[in-house]
Amino acid sequence: MNSLRGSELSSVAWLPDAARQAASKAFGAELLGVNLAYVFVQRRAVLKFSPLQSDADWLQHPPEYARWSLDFLQATYADPVRSSNPDIARGKLWLAPNQLSSEIVLSQLSKNRLSVCLQLDERPRPLALIALKNSASTQWRWARSDAAGCITLVGAKIEPAWNGEVFSVLDAPARFVFKAVDTPKSTIKPTLEPMLSTSSAARPQLTENAQQSYATVPIVGGCEGCALIFVQMPSKIASHARIGAQSEPGVALQLSGTVRDMQGQPRAGIVVYAHQTNVEGIYPRAVVENAQALAHGRLRAWVQSDANGHFAFTTIRPGAYPGGSEPQHIHLQVLEPNRCSYWVGDALFADDPMLSAVKRAAQENAPGGSGIDVPKWQKNQWRVRRDIVLGKDVPGYAGCGR
């Protein structure tokens, strides 16, 4: 058993039967003998790996989950366990019960059933830990969302707003607020807001050594200016990021997608870099220490695909270049760690009158697949998708990373 008491992250691997049974009792979760490793956050098992799974699952991912667990605790709780006594309870997760259901019974007197379904960036949060309390109370109630990302409140009634927090593996924790409705059976989908800032200003910057190590990754595909992906690249990258400040003028837009390999399998840990014009169609100047970044302006951000290959940017719909014929677009670049980096086709908007038939046809063979999508207006913002196929139609891709 390996343990980092300062962060309350533990991993368990190949324990003898007696030790495994003792660990099962201590952690309140049955540790099966066939499993290779477990990841715990504050004594709660968040993931287990089995030799029966593919190599990608049980050999490559444990370090990724371990880093996520450490980052999660350090970013979410200002005062993790630092005492020499690891049994001192610190943080919300420590206090959650071991056995959780997707149903919370609030009252035996009412048969009302309120389903609360949670999703972020159009992705459900299945099997997530949910902390819930009435705004008039200090007591937290706990549940684990079902396979659809939902929990059920039995006996819910109209009262002050409920506050909730959701914790799921490899996702940033998020909070939400909702009011119960006094009907026999209903479903609501509250808006989730990430609890951690994803603005580039709030993220720590790469050290010089880290920049140099990333900069050894080859850039392929005739990619002009692609070295700027490494300039001011943050050391911690989430699967969701905001491009520019929330106060940036323009109509809100969310760009999301899934990264897959050429066999159609989702790929985790792929960095996607974006930069774009403002609503006036220009790349606004940025106040930066490195003057190189001025070429891409201040509307730029990085995301990293999650365990399901998903990523998302929150931004504004860009303007077309003033006086030109180029359609509205968001530039995208991919970084496959330890392999290579390259441009993929821009995110383009099917309803843009400047997107001519010639430009549409050219997208059929765009690197990473076509970037054209029909914008959808939902919840006061445009939503577009830009799915990425790694290496597709990228010159020189076959030889990189060898």
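Computed from a predicted structure; not experimentally measured. (Residues numbered from 1 in each chain as written. Predicted model: local features only at pLDDT ≥ 70, side-chain atom pairs only at ≥ 80, totals over all residues. Heavy atoms only, no water.)

A few points about the overall build of the protein
Logical step 1: The helix and strand inventory of the protein stands at 4 helices and 26 strands.
Logical step 2: Across the 402 residues that make up the protein, the buried fraction comes to 47%.
Logical step 3: Within the protein, residue pairs in contact and separated by at least 24 positions form 67% of the contacts whose partners lie at least 6 positions apart.
Logical step 4: Put simply, the protein shows about 19,800 Å² of open surface, and 52% of that area lies on carbon and sulfur atoms. (Helix = DSSP H or I, 4+ residues; strand = E, 2+ residues; numbered from the N terminus. Buried < 20%, exposed > 50% of the residue type's maximum accessible area, 1.4 Å probe, protein only. Contact = heavy atoms within 4.5 Å. Areas by Shrake-Rupley, 256 points an atom, 1.4 Å probe, with all protein chains shown as cover.)

Re the pattern of salt bridges
Logical step 1: By the definition in use, this model includes 6 salt bridges.
Logical step 2: A salt bridge links arginine 317 to aspartate 351, with the shortest nitrogen-to-oxygen separation between them at 2.6 Å. Of this pair, arginine 317 sits in the loop between strand E20 (310–316) and strand E21 (329–336) while aspartate 351 sits in the loop between strand E22 (340–349) and helix H4 (357–362), and the two are 34 residues apart along the sequence.
Logical step 3: Lysine 392 is paired through a salt bridge with aspartate 393; the nearest N and O atoms lie 3.7 Å apart.
Logical step 4: The class for lysine 392 is partly exposed, based on a relative accessible area of 31%.
Logical step 5: Relative accessible area serves as the criterion here: at 38%, aspartate 393 is assigned to the partly exposed category. (Salt bridge = Lys/Arg side-chain N within 4 Å of Asp/Glu carboxyl O.)

Observations concerning the sheet that holds strand E13 (residues 174–178)
Logical step 1: Read from one edge of the open sheet, 5 strands run E10-E9-E12-E13-E15, paired in antiparallel fashion. Strands with a single pairing partner mark the edges of an open sheet, and in this sheet they are strand E10 (141–144) and strand E15 (193–194).
Logical step 2: Here 5 bridges tie strand E12 (residues 162–167) to E13, and the two strands are oriented antiparallel to one another. Paired with valine 166 across the two strands is alanine 174, which belongs to E13. (Pairing = 2+ DSSP bridges.)

Concerning the sheet that holds strand E5 (residues 103–105)
Logical step 1: The mixed open sheet is built from 4 strands, whose spatial order is E5-E11-E6-E14. Each of the sheet's edge strands pairs with one partner strand only, and the pair in question is E5 and strand E14 (185–188). Averaged over all adjacent pairs, the angle separating strand axes in this sheet is 20 degrees, with direction ignored.
Logical step 2: As paired elements, strand E6 (residues 113–117) and strand E11 (residues 150–154) share 5 bridges and run antiparallel to each other. Bridge pairing in E11 links cysteine 117 to cysteine 150. (Axes fitted to C-alpha atoms, helices over the stretch in contact; angles between N-to-C directions.)

Examining the state of the cysteines
Logical step 1: Applying the stated criterion across every chain, the model contains 1 disulfide.
Logical step 2: Here cysteine 117 engages in a disulfide with cysteine 150; their sulfurs sit 2.0 Å apart. Disulfide cysteine 117-cysteine 150: the torsion about the S-S bond is 105 degrees, which places it as right-handed. Linking cysteine 117 in strand E6 with cysteine 150 in strand E11, this pair joins segments that are 33 residues apart in sequence. Pair check on accessibility: cysteine 117 and cysteine 150 agree, each one buried. (Disulfide = S-S within 2.5 Å.)

Observations regarding the pairing of E11
Logical step 1: Of all the 5 residues making up E11, 5 are buried; the element is thus mostly covered by neighbouring parts of the structure.
Logical step 2: Neither face of E11 is open: one carries Cys150, Thr152 and Val154, the other Ile151 and Leu153, and all of them are buried.
Logical step 3: Relative to E11, E5 is paired through 3 bridges, and the arrangement is parallel. Of the residues in E11, the one forming a bridge with valine 105 is valine 154.

Looking at the confidence of the model for the protein
Logical step 1: Of all residues in the protein, 67% have pLDDT values of 70 or greater, and the mean over the chain is 76.
Logical step 2: Across residues 1–13, where pLDDT falls below 50, the model places 45 contacts with residues more than four positions away in sequence or in other chains.
Logical step 3: A low-confidence stretch, residues 197–213 stays under pLDDT 50, and its non-local contacts, those more than four residues away or across chains, total 26 contacts. (pLDDT = per-residue confidence, 0-100.)

As for the packing of aromatic side chains
Logical step 1: Here the structure, examined in full by the defined rule, presents 6 aromatic pairs.
Logical step 2: Seen in terms of ring centroids, tyrosine 342 and tyrosine 397 are 5.6 Å apart; in terms of plane orientation they differ by 85 degrees. Their pairing is edge-to-face. On the criterion of sequence distance, the pair formed by tyrosine 342 in strand E22 and tyrosine 397 in the segment after strand E26 (388–389) is long-range, its members being 55 residues apart.
Logical step 3: The exposure class of tyrosine 397 is buried, given its relative accessible area of 10%.
Logical step 4: Between arginine 317 and the ring centre of phenylalanine 349, over which it is positioned, the NZ or CZ distance is 4.5 Å. (Phe/Tyr/Trp six-rings, centres within 6.5 Å; stacked < 30°, edge-to-face > 60°. Lys NZ or Arg CZ within 6 Å of the ring centre and 35° of its normal.)

Things to note about the nonpolar core
Logical step 1: Within the largest apolar cluster, 28 residues are counted, with the highest numbers of intra-cluster contacts made by Phe313, Leu332 and Tyr342.
Logical step 2: For this core, the secondary structure elements donating two or more residues are strand E17 (252–260), strand E18 (271–276), strand E19 (300–304), E20, E21 and E22.
Logical step 3: With 5 residues, the top contributor of residues to this core is E22.
Logical step 4: Residues contacting tyrosine 342, with those up to four places away along its chain left out, are Val220, Cys223, Gln333, Val334, Glu336, Leu390, Gly391, Val394 and Tyr397.
Logical step 5: Listed in part, the 19 residues of the second largest apolar core include Leu132, Ile151, Val166 and Phe178. (Core = buried A, V, L, I, M, F, W, Y, C linked by side-chain atoms within 4.5 Å.)

Remarks on the pairing of E10
Logical step 1: In this structure, strand E9 (residues 129–134) lies alongside E10, joined through 4 bridges in antiparallel fashion. Following the sheet pairing, alanine 131 is matched in E10 by tryptophan 142.
Logical step 2: What sits between the antiparallel neighbours E9 and E10 is a turn of 6 residues.

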